[in-house]
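Structural features, examined
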Amino acid sequence: MVSQNQPKFSSLVFYLPENIKQTFIDECAVVGLEAKRVQCFSSNPSFREYLSILCERGQKFAPQVLKVLSMLQKKTSIRIEVGADRKIIDLHGISTDDAIKLIQAANTIRVIDT
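Attention in this report is confined to the structure presented alongside it. Keep in mind that what you see is a predicted model, and the values were worked out from it rather than measured.

**Thoughts on helix H3 (residues 96-105)**
Along H3, the positions that sit buried rather than exposed are Ala99, Ile100, Leu102 and Ile103. The buried residues of H3 occupy an angular sector of 165 degrees when projected down its axis, which confines them to one face. Exposed and facing more than 90 degrees away from the buried side of H3 are Asp97 and Lys101. Packed against the buried residues of H3 are helix H2 (61-75), strand E4 (78-84), strand E5 (87-90) and strand E6 (108-113).

**Digging into the nonpolar core**
With 28 residues, the main nonpolar core has Phe14, Phe24, Val65, Leu69, Leu91, Ile103 and Ile109 as its most contacted residues. For this core, the secondary structure elements donating two or more residues are strand E1 (9-15), helix H1 (21-31), H2, E4, H3 and E6.

**Some remarks on the environment of Asn107**
Within the fold, Asn107 resides in the loop between H3 and E6. According to the relative accessible area criterion, Asn107 is partly exposed, its value standing at 47%. Taking the C-alpha atoms as reference points, Asn107 and Arg86, separated by 21 residues in sequence, lie 9.0 Å from one another.

**As for the packing of H1 against H2**
The description of two packed helices rests on the angle between their axes and on the distance between the axes. At a minimum axis separation of 9 Å, H1 and H2 run at an interaxial angle of 135 degrees. In this view, H1 runs oblique relative to H2, as classed from their interaxial angle. Between H1 and H2 the crossing geometry is right-handed. Taken together, the residues of H2 that come into contact with H1 (itself represented by Thr23, Phe24, Glu27, Cys28 and Val31) are Gln64, Lys67, Val68, Leu69, Met71, Leu72 and Lys75.

The rules behind each value
- Residues numbered from 1 in each chain as written.
- Predicted model: local features only at pLDDT ≥ 70, side-chain atom pairs only at ≥ 80, totals over all residues.
- Heavy atoms only, no water.
- Buried < 20%, exposed > 50% of the residue type's maximum accessible area, 1.4 Å probe, protein only.
- Helix = DSSP H or I, 4+ residues; strand = E, 2+ residues; numbered from the N terminus.
- Arc of directions from axis to C-beta.
- Contact = heavy atoms within 4.5 Å.
- Core = buried A, V, L, I, M, F, W, Y, C linked by side-chain atoms within 4.5 Å.
- Axes fitted to C-alpha atoms, helices over the stretch in contact; angles between N-to-C directions.
- Parallel < 35°, antiparallel > 145°, perpendicular 65-115°, else oblique.
- Left-handed = near helix turned anticlockwise from the far one by under 90°.

So this is what it looks like as structure tokens:
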């Protein structure tokens, strides 16, 4: 039996270089998002760490995430990739409206030093 109650909050996974993780967490706090470091077991016997934002899915969180990524991009030289439906899309050159739609559909966001 499938529950009719849908969760109000969801988690969005971010993979970031170690040197910008704390900056990202700080920028999330500025715009009102709660970012946390998460540790999990990977397929080999070690821990993997990523950041997760607990957010209310909908139209409000995507502009906040985009704002954080834009602030991060101004401070460091990075490339941002959004993963949704097993596709990876580079946000470089994407309009703000399209970027917001991609972030709303995203499962993961990966930030890469360039």
